[in-house]
Amino acid sequence: MVAWAISRQRTLKQLLTDPRVSKDPRQHWPAWINGEISPEWPLITWVAVENMFTSYGGDHRRLRTLVSKAFTARRTAALRPRIEEICATLLDGLATAAPGEPVDLREAYAYPLPIQVISELFGLDDENLRERMRRVVDSIFHTSATPEEVTATYTEMYSVLGELVATKREHPGDDLTSGLIAVRDEESGSALSEKELTDTLALFLSAGHETTVNLLDNAIHALLTRPEQLDHVRAGRATWDDVIEETLRHSAPVANLPLRYAVEDIELDGGVVLRKGDAILAAYAAAGRDPEVHGEDADHFDVTRGLKNHLAFGHGVHLCVGAPLGRLEAAIALPALFDRFPGLKLASGREPLEPVESFISNGHRTLPARLS
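Rules of the game
- Residues numbered from 1 in each chain as written.
- Predicted model: local features only at pLDDT ≥ 70, side-chain atom pairs only at ≥ 80, totals over all residues.
- Heavy atoms only, no water.
- 1 Å grid on protein atoms, 1.4 Å probe; cavity = no way out; pocket = protein on both sides within 12 Å on 5 of 7 lines; lining within 4 Å.
- Points joined across faces, edges and corners; volume = space filled by probe spheres on them.
- Helix = DSSP H or I, 4+ residues; strand = E, 2+ residues; numbered from the N terminus.
- Nonpolar A, V, L, I, M, F, W, Y, C, P; charged D, E, K, R; others polar.
- Polar contact = N/O pair within 3.5 Å; in protein donor to acceptor, adjacent residues only side chain to side chain.
- Pairing = 2+ DSSP bridges.
- Buried < 20%, exposed > 50% of the residue type's maximum accessible area, 1.4 Å probe, protein only.
- Arc of directions from axis to C-beta.
- Contact = heavy atoms within 4.5 Å.
- Salt bridge = Lys/Arg side-chain N within 4 Å of Asp/Glu carboxyl O.

Observations regarding empty space enclosed by the protein
Logical step 1: Evaluation of the coordinates by the stated rule reveals 3 cavities of 30 Å³ or more.
Logical step 2: By volume, the largest cavity is sized at about 620 Å³.
Logical step 3: Around the largest cavity, the lining comprises 36 residues; the ones closest to its centre are Phe53, Leu203, Ala207, Leu257 and Cys320.
Logical step 4: Of all elements in the fold, only α4 (44-48), α5 (58-70), α13 (194-225), β4 (257-262) and α18 (323-340) reach the threshold of two or more residues within the lining of the largest cavity.
Logical step 5: Counting residues per element, the lining of the largest cavity draws most heavily on α13, at 9 residues.
Logical step 6: Of the residues in the lining of the largest cavity, the class split is 21 nonpolar, 11 polar and 4 charged.
Logical step 7: Approximately 50 Å³ is the volume attributed to the second largest cavity.

Notes on the side chain of Arg305
Logical step 1: Relative to the helices and strands, Arg305 is located in the loop between α17 (291-294) and α18.
Logical step 2: Here the side chain of Arg305 touches Asp297 through a polar contact of 3.1 Å, landing on its backbone oxygen.
Logical step 3: Among the polar contacts listed, one links the side chain of Arg305 to the backbone oxygen of His300, at a separation of 2.6 Å.

Quick word on the sheet that holds strand β8 (residues 345-346)
By way of backbone hydrogen bonds, the strands of a sheet pair with one another, either parallel or antiparallel.
Logical step 1: Taken in spatial order, the 3 strands make up an open sheet running β3-β9-β8, and their pairing is antiparallel. For this open sheet the edge positions go to β3 (103-104) and β8, each flanked by a neighbour on one side alone.
Logical step 2: Where β3 meets strand β9 (residues 368-370), 2 bridges bridge the pair, whose relative direction is antiparallel. The partner of Asp104 across the bridge, within β9, is Pro368.

Describing helix α14 (residues 227-234)
Logical step 1: Residues of α14 that are buried: Gln229, Leu230, His232 and Val233. In an axial view of α14, the angular spread of the buried residues amounts to 150°, which keeps them on one side of the axis.
Logical step 2: In this structure, the buried residues of α14 make contact with α13, α15 (240-250) and α18.
Logical step 3: Looking one or two places after α14, you find Gly236, whose phi comes out positive at around 85°.

Side note on helix α9 (residues 112-121)
Logical step 1: The element α9 is largely enclosed, with a buried count of 8 among its 10 residues.
Logical step 2: All of the buried residues in α9 are Pro112, Leu113, Pro114, Ile115, Val117, Ile118, Ser119 and Leu121.
Logical step 3: At the exit of α9 stands Gly123, carrying a positive phi of roughly 70°.

Details of the layout of surface pockets
Picture a little ball the size of a water molecule; that probe, rolled over the atoms, points out where space is still empty.
Logical step 1: Space inside the largest pocket adds up to approximately 350 Å³.
Logical step 2: Surrounding the largest pocket, 17 residues form its lining, Arg106, Asp138, Glu210, Val356 and Glu357 being those nearest its centre.
Logical step 3: Mapped by element, the contributors of at least two residues to the lining of the largest pocket are α8 (105-110) and α10 (127-140).
Logical step 4: If you tally residues by element for the lining of the largest pocket, the top one is α10, at 3 residues.
Logical step 5: The residue inventory of the lining of the largest pocket, partitioned by class, reads 3 nonpolar, 5 polar and 9 charged.

A short note on the pairing of β4
Logical step 1: Most of β4 is tucked away, with 6 of its 6 residues classed as buried.
Logical step 2: When strand β2 (residues 21-22) meets β4, the two strands line up antiparallel, connected through 2 bridges. Across the sheet, the residue bridging to Ser22 is Tyr261, located in β4.
Logical step 3: With 3 bridges joining them, β4 and strand β7 (residues 279-282) adopt antiparallel strand pairing. Along β7, the bridge assignment pairs Leu257 with Ala282.

So, the pattern of salt bridges
Logical step 1: Scanning all chains against the criterion turns up 32 salt bridges.
Logical step 2: Between Arg26 and Asp24 there is a salt bridge whose closest N-O contact spans 3.4 Å.
Logical step 3: Relative accessible area serves as the criterion here: at 31%, Arg26 is assigned to the partly exposed category.
Logical step 4: The class of Asp24 is buried, set by a relative accessible area of 5%.
Logical step 5: With a shortest N-O distance of 2.7 Å, Glu120 and Arg82 are connected by a salt bridge. Highlighted residues: Glu120 in helix α9 and Arg82 in helix α7 (residues 80-94), separated in sequence by 38 residues.
Logical step 6: On the accessibility criterion, Arg82 (28% relative accessible area) is partly exposed.
Logical step 7: In the salt-bridge network here, residues are joined through shared partners; they are Arg8, Arg10, Asp269 and Glu292.

This is the structure in structure tokens:
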């Protein structure tokens with residue numbers, strides 16, 4: 001499968017708002033329509049689902065409107081006390097490590113915080129279901145998965161979500177799953193279909209925490225490998241919001257996002273033409289370091305940088321609805337960590353860390369550190 005990778009920020013921004021670009025393979029990707037995409041393809045989940053991530057035009061407006069009724073700004077803001085509580089509990093757990101013993105901050109802090117928040121938000125209370133969902137999400141972002149893993153993951157995803165929906169139908173609560181089920185079952189005409197319901201849950205439970213995991217991971221790593229940047233924050237020359245936005249620019253949590261499709265021929269600058277039906281890959285990580293926008297030092301992490309423009313959460317009608325939640329979690333978790341452990345240092349020194357096995361997810365396999 002061949003796709004255009006769009007890495008220039010100006011061009012990517014243009015395409016993300018162009019009505020001639022679709023995210024619906026069922027309407028606009030000939031390879032999908034003609035049955036050329038194998039169900040064992042590692043990216044199958046990214047195009048086969050039916051939710052607002054893979055919808056276009058009127059369908060997208062319908063789905064986003066319905067989802068917005070459950071995923072409100074007020075509900076997000078109300079999560080602050082709970083996020084603070086989860087952070088405090090996780091930090092207490094880190095504090096039990098033996099003096100000088102390395103801890104994996106990705107596994108013990110960056111990962112459990114957002115997955116617990118999103119699980120509670122959607123009423124995913126059963127520990128077994130949570131663990132199964134975690135394995136599903138990890139596999140979805142594993143873009144080198146074997147055909148056997150891809151098939152098993154796809155099956156398991158619908159098994160987990162089916163159990164969650166069945167439980168919430170029988171015992172509804174004050175959670176987003178129950179809210180989406182109410183939209184599905186009570187409204188008529190423009191309501192969610194059953195597949196759209198489960199696929200919407202899949203979207204939020206996967207993208208809703210993986211992006212925040214990588215945001216925290218990359219921000220912590222950047223500050224620990226560049227102590228002068230942390231000094232800027234502690235001296236008041238920069239804020240934690242500066243850290244968050246510079247991390248999103250410099251190391252976008254999602255490096256590349258599949259897929260979009262040209263609805264008709266589109267001519268770009270320089271005479272490049274995207275032909276009708278061509279697949280398009282949004283290269284968010286590259287766009288964040290575009291020298292046309294950020295100059296020759298675009299690769300340099302600098303919290304005092306005046307212009308931090310990025311597309312890490314998308315742009316246009318498909319702008320991530322979970323972006324405020326991700327920023328809120330980071331705004332609480334980062335200062336809490338560095339205030340609790342002011343002597344925090346990477347256990348690996350300045351040695352490069354191994355990246356996750358994904359060209360979509362942009363983070364490290366582990367983030368080993370010593371607390372003091």
